[in-house]
Amino acid sequence: MFDNAAFASSSLGMRPATATDAPFLERLYRSARPDLQLLDGSQEQREALVAQQYGVLQAGTAANHPNAMHFVVEKQGSQIGGLIVDFGANVVHLVYLALIPAVRGQGLGRELVRGLQQAAARAHAPLTAVVWRSNPRARQLYIELGFTVESAQPAAEQMVWYPDARPMVVVQ
């Protein structure tokens, strides 16, 4: 499984998200979706859309990944991010990863994904993530960490990392 041991040499830590984290996680989601602020309409309409999309994330996660674990990422005791990961029977799926704007670009996302890669390797399972085309920095990070595109849609790509850096082939 995924635990704080992956961050023993850093100031990062994780803990399960609780109901008291909801305001932080909602603000984090808002900061991670600047694309929604570019839409036409009033500020009130945009805020309603962000709230709706956050609800879609929560409902979609509950429906598609009912056993997913929700974490708050902390650095030196301060909340800096959110992570949702589903440790399935045959795959580890990174559902959501976001960091507050003040810490983006410092390698912390890379550190978190590497921790997930370690957990997936221990489970001998691939690690998957959906990467939105509107987030080229995230896509570049995943490519640098050895992910490949498994499938592509107009808005997003399904990316996968295999512990041995290549897909397993089943011979029958």
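Starting from 1, residues in each chain are numbered consecutively following that chain's sequence as written. Residue-level local features of this predicted model are given only where pLDDT is at least 70; pairs of side-chain atoms are given and counted only at 80 or more, and the full residue set underlies all totals for whole chains, interfaces and linings. For the side-chain quantities, the full set of heavy atoms in the structure was used; hydrogens and water were omitted.

Caption draft 1: The packing of aromatic side chains, seen in detail. Aromatic rings from Phe, Tyr and Trp, with only the six-membered ring used for Trp, were paired whenever their centres fell within 6.5 Å, and each pair was classed as stacked if the ring planes differed by under 30 degrees, edge-to-face if by over 60, and tilted otherwise. Applying the stated criterion across every chain, the model contains three aromatic pairs. Arranged with centres 5.3 Å apart and planes meeting at 55°, the rings of Tyr-29 and Tyr-54 form a pair that is tilted. In this pair, Tyr-29 is assigned in helix α1 (residues 22-32) and Tyr-54 in helix α2 (residues 43-64), connecting sequence segments 25 residues apart. As far as burial versus exposure is concerned, Tyr-29 and Tyr-54 are alike and both buried. Aromatic pair Tyr-29 and Tyr-96: ring centres 6.3 Å apart, planes at 35°, arrangement tilted. Taken together, the positions of Tyr-29 in helix α1 and Tyr-96 in strand β4 (residues 92-99) put the pair 67 residues apart, joining distant regions of the chain. Across the pair, Tyr-96 and Tyr-29 agree in class, each one buried. Helix and strand assignments come from DSSP, with helices taken as H or I runs of at least 4 residues and strands as E runs of at least 2, each series counted from the N terminus. The buried label goes to any residue with under 20% of its type's maximum accessible area, the exposed label to any with over 50%, and the partly exposed label to all in between, with areas taken from a 1.4 Å probe on protein chains only.

Caption draft 2: Spatial organisation of the packing of α1 against α2. The N-to-C vectors of α1 and α2 enclose an angle of 110°; their axes lie 10 Å apart at closest approach. What the angle tells us is that α1 and α2 run roughly perpendicular. As α1 runs across α2, the sense of the crossing is right-handed. Across from Leu-25, Glu-26, Tyr-29 and Arg-30 in α1, the residues of α2 making contact are Glu-47, Val-50, Gln-53, Tyr-54 and Leu-57. Only Asp, Glu, Lys and Arg are considered charged in this grouping, and only Ala, Val, Leu, Ile, Met, Phe, Trp, Tyr, Cys and Pro are considered nonpolar; every other residue, Gly among them, is considered polar. The class makeup of the residues in the contact of α1 with α2 is five nonpolar, one polar and three charged. Lines are fitted to the C-alpha atoms to define the axes, a helix being fitted only along its stretch in contact, and any angle between axes, read from their N-to-C directions, falls within 0 to 180 degrees. Working definition: roughly parallel below 35 degrees, roughly antiparallel above 145 degrees, roughly perpendicular at 65 to 115 degrees, and oblique for all remaining angles. Each crossing is labelled by how the near helix is turned from the far one, with a counterclockwise turn of less than a right angle marking it left-handed and a clockwise turn marking it right-handed. Whether two residues are in contact is decided by their heavy atoms, any of which lying within 4.5 Å being enough.

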